[in-house]
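Residues per chain are reported as follows:
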Amino acid sequence: MSVKDIAGAFKALSDPTRLRIVLLLLRQHELCVCEIMHVLGMEQSRVSHQMRILRHAGLVEDNREGRWINYRISEPVRPLIEDLFAGTLGGHLENAPETAEDSRKLKACIRGNIRGRSCNSRMRTEVQETDR
């Protein structure tokens, strides 16, 4: 990565919401938009906007499954991101009230299968509406 690429990554991470999303993706290898929406309590359009910025910075990559998109940290930058959040900085972030709450919500989201319930029910609703 060039200095310009690294500066772009820091710029993308300077927003609290995007920083929280990257931390979520470090905890869980891949997340669906619906899971990120649930954890952060944001609408799909707002999550998609943040993901577009992270994608443009080269920090995340996506995989489309029907209407829904799954995101993960880009493999080439994963070691850089993991190193960045290791040690003292990572400890401070883990203890921040927002990220501690995000971690709690993510565990509940995975346990409650939000992806299966939310994505599948929305897809069924859309199919039913198009059948009319």
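Residues numbered from 1 in each chain as written. Predicted model: local features only at pLDDT ≥ 70, side-chain atom pairs only at ≥ 80, totals over all residues. Heavy atoms only, no water.

To continue, consider the overall build of the chain. Within the chain one finds eight helices and three strands. Taken from the N to the C terminus, the helices and strands of the chain come in the order α-α-β-α-α-β-β-α-α-α-α. When each of the 132 residues of the chain is scored for burial, the buried share is 39%. Long-range contacts, defined here as pairs at least 24 residues apart, represent 66% of the contacts in the chain between residues at least 6 apart. (Helix = DSSP H or I, 4+ residues; strand = E, 2+ residues; numbered from the N terminus. Buried < 20%, exposed > 50% of the residue type's maximum accessible area, 1.4 Å probe, protein only. Contact = heavy atoms within 4.5 Å.)

Take the packing of helix α2 (residues 16-27) against helix α3 (residues 33-40) next. In the contact formed by α2 and α3, the axes pass within 11 Å of each other and the chain directions differ by 120 degrees. Here α2 lies oblique to α3, going by the angle between them. Once α2 is placed against α3, the crossing between them reads as right-handed. Along its contact with α2, which presents T17, R20, I21 and L24, the element α3 presents I36, V39 and L40. Each residue belonging to the contact of α2 with α3 can be placed in one class, and the counts come to five nonpolar, one polar and one charged. (Axes fitted to C-alpha atoms, helices over the stretch in contact; angles between N-to-C directions. Parallel < 35°, antiparallel > 145°, perpendicular 65-115°, else oblique. Left-handed = near helix turned anticlockwise from the far one by under 90°. Nonpolar A, V, L, I, M, F, W, Y, C, P; charged D, E, K, R; others polar.)

Taken in spatial order, the three strands line up as β1-β3-β2 in an open sheet, and their pairing is antiparallel. Looking at strand neighbours, the two that pair on one side only are β1 (31-32) and β2 (60-65), the edges of this open sheet. In terms of strand pairing, β2 meets strand β3 (residues 68-73) through six bridges, oriented antiparallel. Bridged to R64 within β3 is I69. Relative to the sheet, α2 contacts β1, β2 and β3, its axis offset from that of β3 by approximately 85 degrees. In the packing of helix α4 (residues 44-56) onto the sheet, the strands contacted are β2 and β3, and the crossing angle to β2 comes to about 125 degrees. (Pairing = 2+ DSSP bridges.)

A few words on the pattern of salt bridges. Applying the stated rule across the entire model yields eight salt bridges. With its nearest N and O atoms 3.1 Å apart, the salt bridge here joins R72 to E61. Residue R72 is found in strand β3, and its partner E61 is found in strand β2; the two are separated by eleven residues along the sequence. The exposure class assigned to E61 is partly exposed, which follows from its relative accessible area of 26%. When the shortest N-O distance is used, the salt bridge between E75 and R78 registers 3.9 Å. For E75, a relative accessible area of 41% corresponds to the partly exposed category. Residue R78 is classed as buried on the basis of its relative accessible area of 11%. (Salt bridge = Lys/Arg side-chain N within 4 Å of Asp/Glu carboxyl O.)

Moving on, we come to the environment of N63. Within the secondary structure, N63 sits in strand β2. Its relative accessible area of 32% is what places N63 among the partly exposed residues. Sequence separation between N63 and E30 is 33 residues; the distance between their C-alpha atoms is 9.5 Å. Aside from chain neighbours lying at most four places away, what touches N63 is W68, I69, N70 and R72.

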